[in-house]
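# Analysis of the macromolecular model
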Amino acid sequence: MVNSIELEEEQQSMSKGAYFLMVVRLSVVFIVLCGIIYPLATTAIAQVVMPSQANGSLLTNKAGVVVGSELIGQNFTDPALFHGRVSSIDYKAEASGSNNYGPSNPDMLQRTKDFITQWQLDNPEVPLNKLPVDLITNSGSGLDPDITPASAIVQIPRISNLTGIPTSQLEELVAKTTKGRDLGLFGEERVNVLKLNMALSEMSAK
Amino acid sequence: MGVLQIVVVIVILLLLVKPVGTYLYHVFSNEPNRTDRWFARTEKGIYSLIGLKKRGGMSWKKYAISFVLTNIVLVAFSYIFLRLQKGLPLNPSGIGNMEETLTFNTVISFMTNTNLQHYSGETGVSYFSQMAVMTMLMFTSAASGFSVAVAFVRGITGQKSVGNFFEDFVKAHIRIFIPLAVLVTLIMVGLHVPQTLKPTLAVTTLDGQTQQIAIGPIASLESIKHLGTNGGGFFGANSAHPFENPSPLTNVLEILSMWMLPASLPYMYGLFAKNKRQGWMIFSAMMTLFVLFLGLNYYSETQGNPAINAMGIDSSQGSMEGKEVRFGIAQSALFTTVTTAATTGTVNNMHDTQTPLGSITPLTLMMLNNVFGGKGVGLVNMLMYAILGVFLCGLMVGRTPEFLGRKIEAREMKLIAIAILIHPLIILVPTAGAFLTNLGNGSISNPGFHGMTQVLYEYTSAAANNGSGFEGLADNTSFWNITTGVVMMLGRYVSIIAMLAVAGSMIKKKPVPETIGTFRTDNGLFTGILIGTVLIIGALTFLPVIVLGPIAEYLTLR
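Notes on the structure in this doc start here.

Conventions used here
Residues numbered from 1 in each chain as written. Chains lettered and ligands numbered in written order. Predicted model: local features only at pLDDT ≥ 70, side-chain atom pairs only at ≥ 80, totals over all residues. Heavy atoms only, no water. Helix = DSSP H or I, 4+ residues; strand = E, 2+ residues; numbered from the N terminus. Contact = heavy atoms within 4.5 Å. Areas by Shrake-Rupley, 256 points an atom, 1.4 Å probe, with all protein chains shown as cover. Lys, Arg positive; Asp, Glu negative; His and termini not counted. Charge placed at Lys NZ, Arg CZ, Asp CG, Glu CD. Buried < 20%, exposed > 50% of the residue type's maximum accessible area, 1.4 Å probe, protein only. Pairing = 2+ DSSP bridges. 1 Å grid on protein atoms, 1.4 Å probe; cavity = no way out; pocket = protein on both sides within 12 Å on 5 of 7 lines; lining within 4 Å. Points joined across faces, edges and corners; volume = space filled by probe spheres on them. Nonpolar A, V, L, I, M, F, W, Y, C, P; charged D, E, K, R; others polar. Buried area = accessible area lost by both parts, 1.4 Å probe. Salt bridge = Lys/Arg side-chain N within 4 Å of Asp/Glu carboxyl O. Phe/Tyr/Trp six-rings, centres within 6.5 Å; stacked < 30°, edge-to-face > 60°. Expected span 1.5 Å × (residues − 1). Axes fitted to C-alpha atoms, helices over the stretch in contact; angles between N-to-C directions. Parallel < 35°, antiparallel > 145°, perpendicular 65-115°, else oblique. Left-handed = near helix turned anticlockwise from the far one by under 90°. Polar contact = N/O pair within 3.5 Å; in protein donor to acceptor, adjacent residues only side chain to side chain.

### Some thoughts on the overall build of chain B
- A count of helices and strands for chain B gives 20 helices and four strands.
- Its C-alpha atoms give chain B principal-axis dimensions of about 80 × 60 × 50 Å.
- When contacts within chain B are restricted to residue pairs at least 6 apart in sequence, those whose partners lie at least 24 apart make up 78%.
- In the structure as shown, chain B presents an accessible area of about 17,500 Å², 67% of it carried by carbon and sulfur atoms.
- Between the averaged position of the 35 positive side-chain charges in chain B and that of its 26 negative side-chain charges there is a distance of 17 Å.

### Structural notes on the side chain of B:K323
- Checked against the element boundaries, B:K323 lands in the loop between α11 (306-309) and α12 (328-341).
- A residue is classified by how much of its surface remains accessible, and B:K323, at 1% relative accessible area, is buried.
- Once residues lying within four places of it in the same chain are set aside, the contact partners of B:K323 are A:R85, A:N138, A:S139, A:G140, A:D144, B:E301, B:G328, B:I329, B:S332 and B:N349.

### Quick word on the pairing of strand β2 (residues 210-213) of chain B
Residue and element names in this part refer to chain B.
- Of the two faces of β2, the one lined by Q211 and I213 is fully buried and the one lined by T210 and Q212 carries no buried residue.
- As paired elements, strand β1 (residues 201-204) and β2 share four bridges and run antiparallel to each other. Directly across from L201, in β2, lies its bridge partner I213.

### Concerning empty space enclosed by the protein
Residue and element names in this part refer to chain B.
- Taken as a whole and judged by the stated rule, the model has three cavities of 30 Å³ or more.
- Of the volumes computed, that of the largest cavity is approximately 70 Å³.
- Contributing to the lining of the largest cavity are 15 residues, with N305, I308, S319, M320 and E321 lying nearest its centre.
- Considering only residue class, the lining of the largest cavity consists of six nonpolar, eight polar and one charged.

### What to know about the sheet that holds strand β3 (residues 146-147) of chain A
Residue and element names in this part refer to chain A.
- Strand order in the open sheet formed by three strands is β3-β5-β4, and the pairing between neighbours is antiparallel. Two strands in the sheet have a free side with no partner beyond their single neighbour: β3 and β4 (178-179).
- With two bridges joining them, β3 and strand β5 (residues 190-192) adopt antiparallel strand pairing. Residue I147 lies in a different strand from β5, and its bridge partner there is V191.

### Considering the interface of chain A and chain B
- Each partner contributes residues to the interface: chain A has 108 residues there, and chain B has 115 residues.
- Summing both partners gives a buried area of about 8,900 Å² for chain A against chain B, and 67% of it is carried by carbon and sulfur.
- The three residues of chain A that bury the most area against chain B are A:Y38, A:N100 and A:P103, which together make up 8% of that side's buried surface.
- Along the contact surface separating chain A from chain B lie two salt bridges.
- The salt bridge partner of A:R111 is B:E321, with a shortest N-O separation of 2.6 Å.
- Counting only elements with at least two residues in the side of chain A that touches chain B, the list comes to α1 (2-12), α2 (16-49), α3 (51-54), β2 (66-69), α4 (106-122), α5 (133-136), β3 and α9 (193-205) of chain A.
- Sorting elements by how many residues they give to the side of chain A that touches chain B places α2(A) first, with 24 residues.
- Tallied by class, residues from the side of chain A that touches chain B come to 52 nonpolar, 38 polar and 18 charged.

### Notes on the packing of aromatic side chains
All names here are of chain B.
- Evaluation of the coordinates by the stated rule reveals 26 aromatic pairs over all chains.
- Between Y267 and W280, the ring centres sit 5.5 Å apart and the planes meet at 65 degrees, which makes this aromatic pair edge-to-face. One end of the pair, Y267, is in helix α9 (residues 248-272); the other, W280, is in helix α10 (residues 276-303), with 13 residues separating them in the sequence.
- A relative accessible area of 33% means that W280 is categorised as partly exposed.
- Between F290 and F372, the ring centres sit 5.8 Å apart and the planes meet at 75 degrees, which makes this aromatic pair edge-to-face. Taken together, the positions of F290 in helix α10 and F372 in the loop between α13 (356-368) and α14 (377-397) put the pair 82 residues apart, joining distant regions of the chain.
- Look at F290 and you get buried, because its relative accessible area is 0%.
- Overall, F372 belongs to the buried group, its relative accessible area being 1%.

### Here we look at the pattern of salt bridges
- Scanning the model with the defined rule gives 24 salt bridges over all chains in all.
- With a closest N to O distance of 2.6 Å, B:E409 and B:K509 form a salt bridge. Highlighted residues: B:E409 in the loop between β4 (406-407) and α15 (410-436) and B:K509 in the loop between α18 (478-507) and α19 (524-540), separated in sequence by 100 residues.
- Judged by its relative accessible area of 40%, B:E409 falls in the partly exposed class.
- Among the residues examined, B:K509 registers a relative accessible area of 15% and is labelled buried.
- Shared partners join several salt bridges into a network, and the residues in it are A:R85, A:D144, B:E324 and B:R326.

### A short note on α12(B)
- Between its terminal C-alpha atoms α12(B) stretches 20 Å, which fits the 20 Å expected from 14 residues at 1.5 Å a residue.
- The buried count for α12(B) comes to 14 of 14 residues, which makes it a mostly enclosed element.

### Things to note about the packing of α10(B) against α13(B)
All names here are of chain B.
- With their axes 7 Å apart at the nearest point, α10 and α13 run at an angle of 160 degrees to one another. It follows that α10 is roughly antiparallel to α13 by the angle criterion. Seen along the crossing, α10 lies across α13 with a hand that is left-handed. Touching F293, L296, N297, S300 and E301 of α10 are L357, G358, I360, T361, P362, T364, L365 and L368, all from α13.
- Among the residues forming the contact of α10 with α13, the class breakdown is seven nonpolar, five polar and one charged.

### Description of the pairing of β1(B)
- Residues B:L201 and B:V203 point to one face of β1(B) and are all buried, whereas B:A202 and B:T204, pointing to the other face, are not buried.
- The turn joining β1(B) and β2(B), which pair antiparallel and follow one another in sequence, is formed by five residues; a positive phi near 85 degrees is taken by B:G208.

### Observations regarding the packing of helix α6 (residues 127-156) of chain B against α9(B)
Residues and elements named next belong to chain B.
- Between α6 and α9, the least distance of the axes is 10 Å, while the angle of their chain directions is 25 degrees. The orientation of α6 with respect to α9, classified from their angle, is roughly parallel. Crossing of α6 against α9: the hand is right-handed. Of the residues in α9, those in contact with F146, V150, V153, R154 and I156 of α6 are L261, L265, M268, Y269 and F272.
- Its residues assigned to classes, the contact of α6 with α9 shows nine nonpolar, no polar and one charged.

### Points about the side chain of A:N192
Residues and elements named next belong to chain A.
- By the secondary structure assignment, N192 is in strand β5.
- A distance of 3.1 Å separates the side chain of N192 from the backbone nitrogen of L194, its partner in a polar contact.
- A distance of 3.0 Å separates a polar side-chain atom of N192 from the backbone nitrogen of K195.
- Contacts of N192, omitting those with residues within four sequence positions, involve E70, P145, D146 and T177.

In structure tokens form, the structure reads like this:
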């Protein structure tokens, strides 16, 4: 009970106006500290110490021109290049996201069926049961830069026919571009489609 | 490999619980300790800046009022910033002012630690707003929730007072969130998360098309988004976006960032209660429920979508619609379970696209809202169930129930009943209401039972202050902005104030000596009772509506 009497005294020692003013001052202090100083200070450190990472991990071609970010997928329509995953936003990276189709959504099931029909026309050499599910589904971000190694491998016969590059060389290229799990444990094996196509273009140019 | 990488992350978490929990105890026990040397001077500076002279303990009412008032003032500033963002600095992409109801929803959403987002980060807010509103509220809402949880723990463990809100609030920032956020931000940038003030980039792609790439000060928001269990993404796709979460390593870092502090709170509680076993019992009840729901999601997602599997393709990867290749099923399932357990609401895969049984995991974890839980609230809710469990056992044997040596009486049980009942009320009533009107029905983007789940998920997420969504729902309308705004407010403040009142009433009670007849709350039996109470009281309330949504969809999809 002694405590609560002390408490009462502490509360009465400050007028309502002064108390409210203190809350406002507290808010302003943390708006400045967390909302302005913290992000600007970390930006400054990041820009000085790690400029490449801090500015979007951009990739340049041999001529030194930026062709994109290694983290952001691109829309590849040329059948002689490797294709990425389905993207409802066509890899337009000024926005992100997907249609959020539920598993029973008829539009999603129709889209998948249409994709498979078109795929079989474009890739008659590959049996349907080899077509990996990641290639026919929409990624969460619509900007997924990767496909699984299996999804790259099933595209090799088509690309080999169109470019004349032997399949063994393309297989080697895919193997070389494949990135393992992080620390050999986390996540999945993956192939960055943009990097793969940049290497493929170099190979075709030779 | 899938299960192994999940186990490794859980083991890392287990190793973090004790050191982090001990640190939290040192910060909030208000006894002189080593952390003072680093931070005390900065804090003194802030106390004198704001004019806080005496830092004596508050009554629970004063604590609650200080908490609510600080939140109101922060919301007011944020509202003004968003409504005027067009003319404010750091708006290189020339984004316009935010609409009224959307602003209302957004500021409530971030202040209540929900981070339900009805705007899209790329097109809806300027860099200044991302920093001074989003990032700032991520800190302050987390610190607010943390302070309240500590006050509650002080109350039921019989400390001198519930503490001083302003002191707790400042300490939570200076000793926990800001140092951790700076550290995680810099690690994130090292792992390729951008941190820049440059406007949207334009590049010519390999295929000869033009691609606009939205970018910005992402890492500084990303770190506190997880540390503060906020969950609001810089971009629309949240942590599925490769800039927010570029690799499995950043994914693990984000998981641990959002999980570490809530998981360490039970240990801190054990130290306050001077009974570490007590803390571990609460922790193991949480972990048991967590593993159960993680298992359901992981299993269901690896099985894939039966409708797609039937098309004859190679579906051995599982359900990949709405997921990213770099994460696969294991990192996605773990992320989903942690984000809804810790009520963060960040997503690295689209919950709307998950298999029906898989989607029960995020939905139920938000309905329970006490398996780890967001900043503080989860522990408070779990302790509330613990008191309820003790009360039920007391009824069965006809003894006055006691918790931590204090009698639990009518006043506490009434307050707890309010806190427990408000949660289903603000989920089920608006869900039913939304179906009665075209304003609600018209936003559903998936037909059938899945549409029902979309609406249910939205209100559950708002009520649990989670913020993830079945994002197909077209929710940026006045109807959704206002109704979810109100639900978020009720979900946050009603239960917090009720629980502070419980703390205030427990702290005044005289401890009763422990006898042979005292029901022990620090053994395996109690953990079992606690899990049972959570499942019976918490989950059964929602069973009918889960049957109507995900389970009905599962049965029709097979």
